[in-house]
Number of protein chains: 2
Amino acid sequence: MQPAAIALGVRLRVLAESAAASAAQVVPDAEIGNHRDAAAVTAFAQACDVLTVTHGHGSVALFETLAAAGTVVRPSPATLVLAQDEVAMARRLGASRSDDEPVPMLLAGECPGAGRELTALVARSPSGQAVAWPVVETVRADGVCWETGEACREVIAPAPRIGPELAAQATSTALRVAGELGLAGVLAVGMVEATGRAGSDGASCLVVNNLVTGPHESGHWTIDGAVTSQFEQHLRAVLDLPLGDPRPRAPWTVTVSVPGGAYPDLYRSFLHVMARDPGVKVHLYGTAVEPGRVVGHVTVCGDGLDDVRARARHAADFITGLIDE
Amino acid sequence: MQPAAIALGVRLRVLAESAAASAAQVVPDAEIGNHRDAAAVTAFAQACDVLTVTHGHGSVALFETLAAAGTVVRPSPATLVLAQDEVAMARRLGASRSDDEPVPMLLAGECPGAGRELTALVARSPSGQAVAWPVVETVRADGVCWETGEACREVIAPAPRIGPELAAQATSTALRVAGELGLAGVLAVGMVEATGRAGSDGASCLVVNNLVTGPHESGHWTIDGAVTSQFEQHLRAVLDLPLGDPRPRAPWTVTVSVPGGAYPDLYRSFLHVMARDPGVKVHLYGTAVEPGRVVGHVTVCGDGLDDVRARARHAADFITGLIDE
């Protein structure tokens, strides 16, 4: 988030678990402390205009205490609670659904013919302004490298072979979820394109299967591929600034995660990738290389999907060490 | 340069004149010291793999001493000396010019019919790899705001109405200058499109009128408008990494400088610009606002030059306070 903050003139402060954490390496005067330590977080929050959290970090109960004492927490603790309770969210969306809306939010068990994964990334500000990036397809790899939680293998923006109707359904559902959550910030709404729903005529439907608040791996393509990145947008949203243009910069953008692999030091393979393809954008997170842990990502933008995807996959596989030519 | 360093996984260290300097605000653990203080610079350099300098900062004699003692200084002190001596450079380029090359470097006085200003931005690595961005037109404003040294009013990329032949001449001249300088890093070669040279048939010719080593205002458009920004390229070049793709991301990119103006606090006008045009990229430098001092720039990319330029000018003029609607 620091590159976006620099351009916007926003001063970022960070509470990081150690001086070796990625964020502490790039933000001046990082505070070192545990994000579940009430005293540390409370002291840190007192010097911030707005406190925001990345997914899975921190205690919602602690944020509730801080918010009650006057700290501006965005997304709000209420949003965080709701986003984590899929059953409650599904009921709530079902109840507020209009009769002609073709996508009710379903729970995964209700729709057996699960197909590919799509993600609708949206942002919403406290004023209620909301924007949506193009719906993307997220492709997970098989095997051990990709068992690390929510790491995406590959993101294709926009999702290929998606009809304008299904894309509009995914977007409107994600915007409705953001509104229901009272969201301030960025939200990734993970969906599965599914068939075989009871009572349907076999047409595709969308099943919402997870919600992630804050910038998310499925949105890293926006750094190089969209006019406004998810990081800039998250900052604008939590600060209640007007939101930026989410449109793509190129017909196709593919981002592939780079997990730690064969090489403890990525320097030589990184060098090779830079030399082989000057158009690849490599992003390294400064984290220690461990097999399976995502240490960066690569992004390629261009006019032809096959070419863009092949270049991005090659670069990622080469840096990881899966291939050596 | 910090956003580019973060993505590349390069650890940037900075020697800044004060904690309030732009660089010190965004790079962790900035050293505070005067860039002409030999002891401070020498101590700082010992903890760096490569020392690079921004234009006009530091003493070349000091860099020569450091380089002689083993510090890697890029661009080299020899390059810095040569780039500052326009007469020597003109002679040297004249002597090495091939007979069929249509642009000899001239000194400004030799070509009276001076027209618009063009800038050819190139990068070269110690290995000799070199790349060139599209040639741009730089338009300076009249009046007091623009008397601040080398501040550009407006940069249009690529330069409008430039024939492919003249563009190729400008690029090849800039690449030859970079080679003659033994450059490591980014170089902006400022030129004037001129007519009326003695002995010519009235055709346009290019007069090189200044050389600037390191990232330069005329290259700020590359942050949003090119696959590889001048900052990322400068880092790649001084570290002798393979250079990145310099191609533009959009048919037209216009960048307009924002000088300090009527408003001591830019927040409200910044907010207005963000709300009015979500596609404008605003870059603020975190410097104190003083009339005439450049405090940021705005960039707009798009398909139509008139639209892109009008939006960029409006945003810059609004933030400065020249207009209020």
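In this text, all values refer to a predicted model and were calculated from it rather than measured experimentally.

**Let's talk about the overall build of chain A**
Secondary structure summary: chain A contains 11 helices and 11 strands in total. Long-range contacts, defined as pairs at least 24 residues apart, comprise 61% of the intrachain contacts of chain A with a sequence gap of at least 6. As displayed, chain A offers around 13,600 Å² of accessible surface, 52% of which is attributable to carbon and sulfur atoms.

**Some words on the interface of chain B and chain A**
Opposite the 36 residues of chain B that make contact, chain A presents 36 residues. Together, the buried faces of chain B and chain A total about 2,900 Å²; carbon and sulfur atoms form 58% of this surface. Our enumeration of links across chain B and chain A arrives at 4 salt bridges. Across the pair Arg249(B) and Asp224(A) runs a salt bridge, and its minimum N-O distance is 4.0 Å. On inspection of chain B and its partner chain A, the count reaches 12 residue pairs in polar contact (both at pLDDT 80 or more). Where the side of chain B that touches chain A is concerned, the elements lending two or more residues are helix 1 (2-8), helix 2 (22-26), helix 9 (230-238), helix 10 (267-276) and strand 10 (281-284) of chain B. Residues belonging to the side of chain B that touches chain A are distributed by class as follows: 22 nonpolar, 7 polar and 7 charged.

**Details of helix 3 (residues 38-45) of chain B**
Residues and elements named next belong to chain B. Within helix 3, burial applies to Val41, Phe44 and Ala45. Take helix 3 and look down its axis: the buried residues cluster within an arc of 95°, on one side only. Away from the buried face of helix 3 by more than 90 degrees, exposed residues Ala39 and Ala43 are located. The opening residue of helix 3, the one whose side-chain oxygen lies 3.0 Å from the backbone nitrogen of alanine 39, is aspartate 37.

**Considering the relation of the copies chain B and chain A**
Mapping chain B onto chain A calls for a screw motion: a turn of 180° about the axis and a shift of 0.0 Å along it, with 0.0 Å RMSD after fitting. Expressed as a symmetry operation, the mapping of one chain copy onto the other fits a two-fold axis. Closest approach to the rotation axis within chain B is made by the C-alpha atom of Pro28(B), at a distance of 1.9 Å. Most of the interface of chain B is mirrored in chain A, where 100% of its interface residues again form contacts.

**What about unusual backbone geometry?**
The omega torsion of the bond from Arg74(A) to Pro75(A) falls at 0°, within 30 degrees of zero and hence cis. For Pro75(A), the location among the structural elements is in the loop between helix 4 (60-68) and helix 5 (77-84). For the peptide bond that leads from Ala157(B) to Pro158(B), omega is -10°, which places it in the cis range. Its identity is not glycine, yet Asp29(A) carries a phi of approximately 55°, on the positive side. For Asp29(A), the location among the structural elements is in the loop between helix 2 (22-26) and strand 2 (31-32). Backbone geometry at Asp240(B) places phi at a positive 55°, although glycine is not the residue there. When you line up the elements, Asp240(B) lands in the loop between helix 9 and strand 9 (252-259).

**What to know about helix 9 of chain B**
Helix 9 of chain B sits mainly inside the fold: 9 of its 9 residues count as buried. Residues of helix 9 of chain B that are buried include every one of Gln230(B), Phe231(B), Glu232(B), Gln233(B), His234(B), Leu235(B), Arg236(B), Ala237(B) and Val238(B), and no others.

**Overview of the packing of helix 10 (residues 267-276) of chain A against helix 11 (residues 305-320) of chain A**
All names here are of chain A. Running from amino to carboxyl end, helix 10 crosses helix 11 at an angle of 155°, the nearest separation of the two axes being 8 Å. Classified by the angle their axes make, helix 10 and helix 11 are roughly antiparallel. Between helix 10 and helix 11 the crossing geometry is right-handed. For the pair helix 10 and helix 11, the contacting residues are Ser269, Phe270, His272, Val273 and Arg276 in the first and His314, Ala315, Phe318 and Ile319 in the second. Looking at the contact of helix 10 with helix 11 residue by residue, the class counts come to 5 nonpolar, 3 polar and 1 charged.

What counts and how
- Residues numbered from 1 in each chain as written.
- Chains lettered and ligands numbered in written order.
- Predicted model: local features only at pLDDT ≥ 70, side-chain atom pairs only at ≥ 80, totals over all residues.
- Heavy atoms only, no water.
- Helix = DSSP H or I, 4+ residues; strand = E, 2+ residues; numbered from the N terminus.
- Contact = heavy atoms within 4.5 Å.
- Areas by Shrake-Rupley, 256 points an atom, 1.4 Å probe, with all protein chains shown as cover.
- Buried area = accessible area lost by both parts, 1.4 Å probe.
- Salt bridge = Lys/Arg side-chain N within 4 Å of Asp/Glu carboxyl O.
- Polar contact = N/O pair within 3.5 Å; in protein donor to acceptor, adjacent residues only side chain to side chain.
- Nonpolar A, V, L, I, M, F, W, Y, C, P; charged D, E, K, R; others polar.
- Buried < 20%, exposed > 50% of the residue type's maximum accessible area, 1.4 Å probe, protein only.
- Arc of directions from axis to C-beta.
- Least-squares fit on C-alpha atoms with pLDDT ≥ 70 in both.
- Axes fitted to C-alpha atoms, helices over the stretch in contact; angles between N-to-C directions.
- Parallel < 35°, antiparallel > 145°, perpendicular 65-115°, else oblique.
- Left-handed = near helix turned anticlockwise from the far one by under 90°.

Treat this as a map of the structure, not an account of what it does.
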